[in-house]
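# Understanding the architecture of this molecule
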Amino acid sequence: MAEQSVILIGAENLAERLEAYKRLLPAESITILRPDGASEGRNTFLGVPVAHEWPDTSSGIADIAGDCAARAVSARRALEGGWRALIHPPFGDSYANAEAILAAAGGAMRVALPVHYTHKYETAAQSARSGIGDTITVRNIRVFPPAQVWQQSTFQLVEALYLLGGPIQRIYARAAALKSADTDTVFCNGRYENRAIYYGEMSAAYPSTYSKEVIEITGRDGMVEYDSNARSFWLASESGITLTEAYHQSPYEKMAAAYIESWETDGELASELPDPLPILRAYWAAMESIERNEVVAI
Amino acid sequence: MSATRSLNIGAISFDHGHQNGYVSALLDLPSAQLVAASDTIPGQLDRMHAMLAAHPEAPEVKVFSDYHELLELDEVEAVSICSANADHAEMTIAAAQAGKHVLCEKPLSITLEEADSMIAACRDAGVYLGTAYPCRFAPVAWQAKQRVDAGEIGDILAMHGTNHLRPFTEGWFIDPQRSGGGTIRDHIVHVTDLMRWFTGKEVVEVYAEGDTLKRPHIAVDDVAILVETFEGGIIASTDPSWNRPENWSKWGNVYLRLLGTRGMIEFEITGQALVRTETKSGTVSSIDTSESMNYYLLKDFSEAIIAGRSPLVTGEDGRAGVEAILAAYQSIEEGRPIRLRDG
């Protein structure tokens, strides 16, 4: 992998994102940027320098998370400086806005879709294509103690539903602020384009001693089931039961490597990356459904 | 309260296999005994006869093909009705008019008008109407309810429940004229009733997706997912699908997860419950029992009748289940959330 300069913006999952790049690139090529003008605070984080001004370098990759409203601003700044931007969704203030931001950036911007690079979700999606017949229902549940990265998690719920079942046709979503001032719980259900039904639940309102993750795809001829109370996937198909080990592996290294490689090959591999537009569309449809308490067709 | 006498019960119709479970419970229950049974299909009584033959203290049970003859027996004080859903109203009203108390299988009826007629008929005849929601009587659910009532997890904020099944429903279950619907009709009532029972709140709004996808050849829905709102803004969801594979390790499940202001609880009616409360040490405790819920359902029903009080699960509880079913089907048809009441 060619030497790249990388700047990381935004606090959420910063340690995990940083470790991913440290495994891919020389440590001296990585900088954490606080572009909010703050001049106080630590100068290093996990051994990596923290800068408060954009570097002079005219090429590199900006990995942009942080405040949702500021992501598009940071991305524009990066692109204007000749950088490439890996932007963590959601960004912009609507689907149309997000689509326009992406279109304007051309191939210089990629959207971070970590669920697509998460072992358990990749395994579930692959297993569902091998012996359970046409998908008929999908359930994805992720409930855990209060966390800070709420809005991004809602996006990742939609991303997971898309990965597990395909293009979403319509969505009904409810949100609640159960244990915080902001939304900390989302329930949604709806249909895929192939008529299959899905359910998604994300809550950051559970006690500190509890978390649960369910990944379930049922098909006409079987089902794939992962419950975090158990270690293994159950794949029940006409040929019998198969147990597949489920383990946690940070998705960020795999994701960052895929995106960097796609840029290094001048876009040759870009077509192999997941398409963010249908997921962004479904996410903003969920937001619209929550606001209007209506089903939103996509 | 211990029973001071035994309630004589007649079993009307074995269309629904749950009747065999109730007969089995009656054979061991001090407060009730089976005295008569009826079914238009003789073969459907075979399992009951086998249970009676195998039980050392089995009572003598009079058998009829016409339930009206059973209702004419003076010694029958109450009946357990497990017919196809479409016959619940007619049989319940006939039983009430004959002066018999009624335990009616879920769902109580096809329509709300039928449910209202059944409730009115029992009230007018001075007999009690109970709805057979056995899940409330699963010891794990019962004990979880006691702990919720004691305030261990605080006020309930959110709920998720499932009632899955392998796709083995046949016969009248998949005949829409006899059942009134598929997995939504058959399954959301258990979860909805548990949610109503735990919260003491009614369903305010329902959005449902449902279809026939597991077995496309059948005439009723077999997969569905509901997102519901209960009074007080409690957010909930239910997956009642008949979507488990043939080789799944269990017949199905009834699972409930409740999030409260101070903790959470989750249980599956055939297994264990975990209670987690929000303390500095994050207290975790468990309830582990799998005794027969049918036994306790019949125990409550018979002891209530003997004591002259309403059974725990009433006709009105059954009606609330029917209301949720109809809202779900309306939501699917109209593609929008259905508002049932303010809340």
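Heads up: these notes are all about the structure in this document.

The subject of this paragraph is the interface of chain A and chain B. Across the boundary between the two partners, chain A contributes 34 residues, which contact 31 residues of chain B. Contributions of two or more residues to the side of chain A that touches chain B are made by strand 8 (135–143), strand 9 (168–176), strand 10 (185–192), strand 11 (197–203), strand 13 (222–227) and strand 15 (240–245) of chain A. A per-class count over the side of chain A that touches chain B returns 16 nonpolar, 11 polar and 7 charged.

Residues and elements named next belong to chain B. It is the contact of helix 1 (residues 18–28) with helix 9 (residues 293–307), at a shortest axis distance of 8 Å, that shows an interaxial angle of 70°. It follows from the interaxial angle that helix 1 and helix 9 lie roughly perpendicular. The interaxial crossing formed by helix 1 with helix 9 has right-handed handedness. Where helix 1 abuts helix 9, its residues Gly-21, Tyr-22, Ser-24, Ala-25, Leu-26 and Asp-28 lie against Asn-294, Tyr-295 and Leu-298. A class-by-class count of the residues in the contact of helix 1 with helix 9 yields 5 nonpolar, 3 polar and 1 charged.

So, about the sheet that holds strand 6 (residues 129–132) of chain B. Residues and elements named next belong to chain B. Here we have 6 strands laid out as an open sheet, ordered 3-2-1-4-5-6, and parallel in their pairing. Bordering the open sheet on either side are strand 3 (62–64) and strand 6, each of which pairs with just one other strand. When strand polarity is set aside, the average angle formed by the axes of neighbouring strands in this sheet is 25°. Two elements, strand 1 (residues 7–12) and strand 4 (residues 78–81), share 4 bridges in a ladder whose sense is parallel. The residue bridging Ala-11 from the neighbouring strand is Ser-80, located in strand 4.

On to helix 8 (residues 183–199) of chain B, then. Residue and element names in this part refer to chain B. With 17 residues, helix 8 extends 24 Å from end C-alpha to end C-alpha; this agrees with the ideal 24 Å at 1.5 Å per step. Counting buried residues along helix 8, 15 of its 17 residues qualify, which places the element largely inside the surrounding structure. Phi turns positive one or two residues past the end of helix 8, at Gly-200, with a value near 70°.

Before going further, it helps to spend a moment on unusual backbone geometry. With an omega dihedral of 0°, the bond running from Pro-89 of chain A to Pro-90 of chain A counts as a cis peptide bond. Going from Lys-106 of chain B to Pro-107 of chain B, the amide bond is cis rather than trans, its omega being -15°. Positive phi outside glycine occurs at Asn-13 of chain A, with the angle close to 50°. Inspection of the secondary structure puts Asn-13 of chain A in the loop between strand 1 (6–9) and helix 1 (14–24). Its identity as a non-glycine residue notwithstanding, Ser-13 of chain B has a phi of 70°, on the positive side.

Procedures and definitions
- Residues numbered from 1 in each chain as written.
- Chains lettered and ligands numbered in written order.
- Predicted model: local features only at pLDDT ≥ 70, side-chain atom pairs only at ≥ 80, totals over all residues.
- Contact = placed C-beta atoms within 7 Å.
- Helix = DSSP H or I, 4+ residues; strand = E, 2+ residues; numbered from the N terminus.
- Nonpolar A, V, L, I, M, F, W, Y, C, P; charged D, E, K, R; others polar.
- Axes fitted to C-alpha atoms, helices over the stretch in contact; angles between N-to-C directions.
- Parallel < 35°, antiparallel > 145°, perpendicular 65-115°, else oblique.
- Left-handed = near helix turned anticlockwise from the far one by under 90°.
- Pairing = 2+ DSSP bridges.
- Expected span 1.5 Å × (residues − 1).
- Buried ≥ 20, exposed ≤ 12 C-beta atoms within 10 Å, placed from the backbone.

What is shown is where atoms sit, not what they do.
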